[in-house]
Every structure is written in structure tokens, then in C-alpha cells.
Amino acid sequence: MALPQIPHDFVWGASTSAYQIEGAVAEDGRGPSIWDTRCRMKGGVGDGTTGDVACDHYHRYPEDIALMKEMGVSAYRFSVAWPRLLPRGRGAINQAGLDFYDRLIDRLLEAGIEPWLTLYHWDLPQALDDLGGWTSRDAAGWFADYACLAARRYGDRVKRWITFNEFSVFTLFGYAINWAAPGVTDRVSHLRAIHHVNLAHGAGVDVLRGLVPGASIGAIHNRQIVLPEGGKPENQAAADLLNEHWNLAFPDPQLLGHYPPQIARAIEPYVQAGDMARICRPIDWFGLNHYGPIFARADADTTWGFTWGETPEDAPTYGVGWPVFPDMFRDELLAISRRYRMPIYVTENGCGGDDQPDAAGQVNDEHRINFFKVYTDAMGEAMRAGADVRGYFVWCLLDNFEWGSGLSQRFGLVHVDYQTQKRTPKASARWYAELIRSVRRSSAPAA
Ligand code: IFM
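Along every chain, residues carry numbers that run from 1 in the direction the sequence is written. Thresholds applied to this predicted model are a pLDDT of at least 70 for local features of residues and 80 or more for the giving and counting of side-chain atom pairs; totals over whole chains, interfaces and linings are not thresholded and use all residues. Derived side-chain values reflect all non-hydrogen atoms in the structure, with water molecules and hydrogen atoms excluded from consideration.

## Here's the deal with the overall build of the protein
Item 1. Secondary structure is summarised from DSSP: a helix means a run of H or I of at least four residues, a strand means a run of E of at least two, and numbering begins at the N terminus for each. When you go through the protein residue by residue, the secondary structure sums to 16 helices and 15 strands.
Item 2. The quantity called the radius of gyration is restricted to C-alpha atoms. Its globule counterpart is 2.2 Å times the number of residues to the power 0.38. Against the 2.2 N^0.38 benchmark of 22 Å for 447 residues, the protein shows a C-alpha radius of gyration of 21 Å, consistent with a compact globule.
Item 3. By its C-alpha atoms, the protein is 55 × 55 × 50 Å across when sized along the principal axes.
Item 4. Each residue is assigned to one of three classes by its accessible area relative to the maximum for its type, calculated with a 1.4 Å probe on protein chains only: buried under 20%, partly exposed between the two thresholds, exposed over 50%. In the protein, which comprises 447 residues, the proportion classed as buried is 61%.
Item 5. The contact criterion used is simple: two residues touch if any of their non-hydrogen atoms lie within 4.5 Å. Residue pairs in contact within the protein that sit at least 24 positions apart in sequence constitute 77% of those at least 6 positions apart.
Item 6. For the protein, the exposed surface amounts to about 16300 Å²; the carbon and sulfur share of it is 51%.
Item 7. Here Asp and Glu are counted as negative and Lys and Arg as positive; His is not counted, and neither are the chain ends. We put the charge of a Lys on NZ, of an Arg on CZ, of an Asp on CG and of a Glu on CD. Looking at charge distribution, the protein has the averaged site of its 43 positive side-chain charges lying 4 Å from that of its 54 negative ones. Note on areas: Shrake-Rupley, 1.4 Å probe, and residue coverage restricted to the protein chains presented here.

## With respect to the pattern of salt bridges
Working definition: two side chains of opposite charge can pair if their charged atoms are close together.
Item 1. By definition, a salt bridge exists where a carboxyl oxygen of Asp or Glu is found within 4 Å of a side-chain nitrogen of Lys or Arg. Applying the stated rule across the entire model yields 30 salt bridges.
Item 2. Between Asp 327 and Arg 330 there is a salt bridge, and its shortest N-O distance comes to 3.9 Å. Taken as a pair, Asp 327 and Arg 330 lie in helix α14 (residues 326-340) at a separation of three residues, close to a single helical turn.
Item 3. For Asp 327, a relative accessible area of 43% corresponds to the partly exposed category.

## Focus on the sheet that holds strand β6 (residues 226-228)
Item 1. Two strands pair under a simple rule: DSSP has to find at least two bridges between them. Pairing in this open sheet of three strands is mixed, and the strands run β6-β8-β9 from one edge to the other. At either end of the open sheet lies a strand with only one pairing partner, and these are β6 and β9 (306-308). Each neighbouring strand pair of the sheet contributes to a mean axis angle of 40°, computed without reference to strand direction.
Item 2. Sheet topology note: the β6/strand β8 (residues 294-298) ladder contains three bridges and is parallel. Residue pairing across strands places Val 226 opposite Ile 294, the latter belonging to β8. Angles here are taken between N-to-C directions and fall from 0 to 180 degrees, while the axes themselves are lines fitted to C-alpha atoms, restricted in helices to the stretch in contact.

## What to know about the environment of Pro 83
Item 1. By the secondary structure assignment, Pro 83 is in helix α4 (residues 82-85).
Item 2. Looking at Pro 83, the relative accessible area reads 0%, which means it is buried.
Item 3. Beyond its immediate chain neighbours, meaning those up to four positions away, Pro 83 contacts Gly 29, Arg 30, Gly 31, Pro 32, Ser 33, Asp 123 and Pro 125.

## Remarks on the site of the ligand
Item 1. One heavy atom within 4 Å of a molecule or strand makes the whole residue count as near it. Surveying the vicinity of the ligand reveals the residues Gln 20, His 121, Trp 122, Asn 165, Glu 166, Tyr 291, Trp 322, Glu 348, Trp 395, Glu 402, Trp 403 and Phe 411.
Item 2. Whenever two N or O atoms come within 3.5 Å, that pair is a polar contact, provided that in protein one can donate a hydrogen and the other can accept it, and provided that, for residues adjacent in sequence, both atoms are side-chain atoms. Glu 166 places a side-chain nitrogen or oxygen 2.6 Å from a nitrogen atom of the ligand.
Item 3. At 2.8 Å, a side-chain N or O of Trp 403 approaches an oxygen atom of the ligand.
Item 4. Amino acid classes used here: Ala, Val, Leu, Ile, Met, Phe, Trp, Tyr, Cys and Pro are nonpolar; Asp, Glu, Lys and Arg are charged; the rest, including Gly, are polar. The class makeup of the residues in the shell around the ligand is six nonpolar, three polar and three charged.

## Concerning the packing of aromatic side chains
Item 1. Ring pairs are drawn from Phe, Tyr and Trp, using the six-membered ring of Trp, whenever the two centres fall within 6.5 Å, and their geometry is named by plane angle: stacked under 30 degrees, edge-to-face over 60, tilted for the rest. Summed over the entire model, instances satisfying the criterion amount to 48 aromatic pairs.
Item 2. Measuring from ring centre to ring centre gives 5.0 Å for Trp 116 and Tyr 345, while their planes differ by 70°; the resulting arrangement is edge-to-face. Residue Trp 116 is found in strand β3 (residues 114-120), and its partner Tyr 345 is found in strand β12 (residues 344-348); the two are separated by 229 residues along the sequence. Judged on exposure class, the residue Trp 116 and its partner Tyr 345 are both buried.
Item 3. Ring-pair connections join several aromatic residues into one group, and the members of that group are Trp 82, Tyr 120, Trp 134, Phe 143, Tyr 146, Phe 164, Phe 167, Phe 170 and Phe 250.
Item 4. In this arrangement the basic side chain of Arg 84 is found over the ring face of Phe 100, its NZ or CZ atom lying 5.9 Å from the centre. Ring-over charges, as used throughout, are those where CZ of Arg or NZ of Lys falls within 6 Å of the ring centre and within 35 degrees of the ring normal.

## A word on the sheet that holds strand β13 (residues 389-395)
Item 1. Spatial ordering of the closed barrel is given by β1-β2-β3-β4-β5-β7-β12-β13, a layout of eight strands whose pairing is parallel. The mean angle between the axes of side-by-side strands here comes to 25°, regardless of whether they run parallel or antiparallel.
Item 2. Relative to strand β7 (residues 285-289), strand β5 (residues 216-222) runs parallel, the two being bridged by five bridges. Bridging across to β7, Asn 222 finds its partner in Asn 289.

Keep in mind these numbers describe shape, not what the thing actually does.
Put into C-alpha cells, the structure is as follows:
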């Protein structure tokens, strides 16, 4: 392991999100979300599965926390399901939903694991989507009220807060491409969603700052280098525009106070006086979710004239076939450091596969261990070159419901048998535990 001298307080964590693991979608008063709706639409999810049960974490969270304790992770990033707290998104509060996260947080703290709470990981209450969802300017206020409820309830014990997970994925896929809920394909809706989500982020930061003493607030951005498919010049404009949407449309306004040029021109009709100051609120760190590079191809028949290009045939891939370019991870970390000048936490990194237990019941996910080795080495290189990286969270603690592809793509350190709910830590879980132990040993402060 080629990591530099790691500070003792470096955070080693694991991430999940509510809809992907909790299950219990109709239990204890939870309202429906836009993902419950999408899972019931023909073709909404590749393998036709749903998050109805997923990993049944709603009931099995003590076992999952025990697994994390065993691995030695110091932090757990989870998301709160907005429709569990507010079944219709606003108005009546669901006490049982609030209680669930109390139990989860208390159990984490007892296990010595710091809770990192994401407010929004894509499960918008359906009742709010019925009112326009993120295309409505009112959404910023709905989100602020929800943030207020969560901050008041959990802020005594939770100090690490994240407004949103991967802004550009759920807005682009949900409002321009129809790869995610709510499945709209319309430029105006997409532009409005971008701007209103940015406003909601700013409003959420203000709420958290005001209500949680000592809060450490971040937002999580997916950043991946965008390359023209086949290296062809005719795909360059598509790559440039996808780059603005994927990598810049949220961190630039939130941290620099302006939209990137092409989006700035298109979004102008929806921006009101004072909005950029409402969006650009001081936060404490940059959350980076990174997998591999993405490829763009010009396609005049799409909402924005670009679509996802093919990965080059000779690109190295692991597991589900995503390209593996650890140098680009190092370069992203350095690029973020230079552009935004703030501490970075890697809040997701990992790879999917079709991992199954062998005859002895072991899950030997060598491909994932190889992935983690080269990616954590790349993180070490970035740190040596000056990137201020303070933590690393694996995606994902458990195999889970993987949005558009359903339960068939497995990203977990822990295998989940969806029939029996049996948890089996994979070889990668043991590898991660050993990495954490060895880094801790070598970085322990002198007695
Ligand atoms: O499962 C997702 C997660 O919800 C957001 N980031 C990417 C992961 C893998 O696709």
C-alpha cells in the first residue's frame, strides 16, 4: 500500500443510502417516494426489482453496525429517507420515522462509529413530485423545512452533515435522460431542477449552520473526467457540455458563485436577483464520489445533444465493466484541490460485480480488492502532491438496490443473500479492515 503518512484522524468509512438498503417502504408510516413509483413502472429498473425489501436494514441495522465495528471503520455515511420523516414531504411529521434514525444514530455512537448524515440521496417524496418536485422553486423551502426537522432532532449527536448526494446524477438522469426518477426528458425542467436544487443546498446549509452547533457541513459531488467517445473531434462539443453538466453545474455555483458558461446562458431565465448569493454559502469540505472516466457522444436526438459514449474496447475494467483509470482519480483530486481550495473527503469509491459465495460459502471478490488497491494508491499520490484529503468511504457497505439496474449489480463489502438476508463479509471486507488497522498502527500518535 503506497499511502503517504496518514494523519491519525484520517476517516475510514463506509457509505450507503436509505432507499438502496432500508426496505420497509410501507412500514411505520413511511410515505412513497419517486423511486417507489419508478420501480413500479414498466422498464423503470433494468432487472425489474425494487427497493421494497432491499437489505432489510430497517430491521437489521444492529447487525450491520456490528459488521462495521468488526471492520474497524470510524464513520458511517447513511441517508435519511425524507418520506420516512415527512410522508407527504411537508406538513405532518411521522414520529416512527424520526425514531428509527434515533435508534440508528445511538447504536452507531455506542459502537464508536461516527454518523455522517446525508439529507438527500434521491428519494424525493412522491407527494412533492406531484407538485412539480425540483422543477418548482418552492422545493428549496420544502427542503429547508425538512433539513430543519432533521437538524433539530439529530443535531445534538450528529455533527457531520451532507446536504445532497451527487446533484448532477439525479438531476441529469431524472430530468433530461430518463435513467432515474422522476423520468422527465425536458430541457426547461432540467434547468429549473438544477437551479432549485442549488437553492435548496444553500438554504439547507443556512439551516444546519443555525441549528447544529459545531456542524461540519459538506456536499457530495460526483466528478469524473469526460472524454469524447473514440477520441473523435465530432464528439468534443458533447464532452464539453456533458462536463459542464456532470462536473461543474453544482460545485461552481455553490463554491465559486457562478454557473459554468454554457449552463449560465441557458439557466438565466430561472435565476432571480440574489440567487447566487443564496446558493454560495460557506461549507467545510468537498465530498467527492468517483468511479472512472465517462465518455460522451454527439447525438442530436437527445435533450442536450449528447449521450453516453462507449468505453474504449481496450480500457481496463473490473466487475460490471466500468473503466478503471486510477490516475484520473488522482488527477481529479488535484484538480478539485486547485479549483475549490478546500479539504476533500472521498465519500464514495468502489466497484460492482456479480459476486456470489463459492461452495465453501466464501465470497472471493479479488477484482474489488484490486480496484481498491489501485484507487487508494492513487489517492496517496494525490495527497503527496498536495491534495488535502481527509477521509475515504467505500461504496458500499452492503450489496444493495442499484437504481437503474436493480439488485443484480453488487457493490458491497458484505454480500447480501436477498432471499435469506444472510450477510457474508467478502474478501474485500477483510482487506479493508486490514488496511485500516495497518494505517492506524503506522499513524498512531506517539504516547
Ligand atoms: O449506487 C450508487 C450511489 O447511490 C451513488 N453513487 C454511485 C453508486 C454506484 O452506482
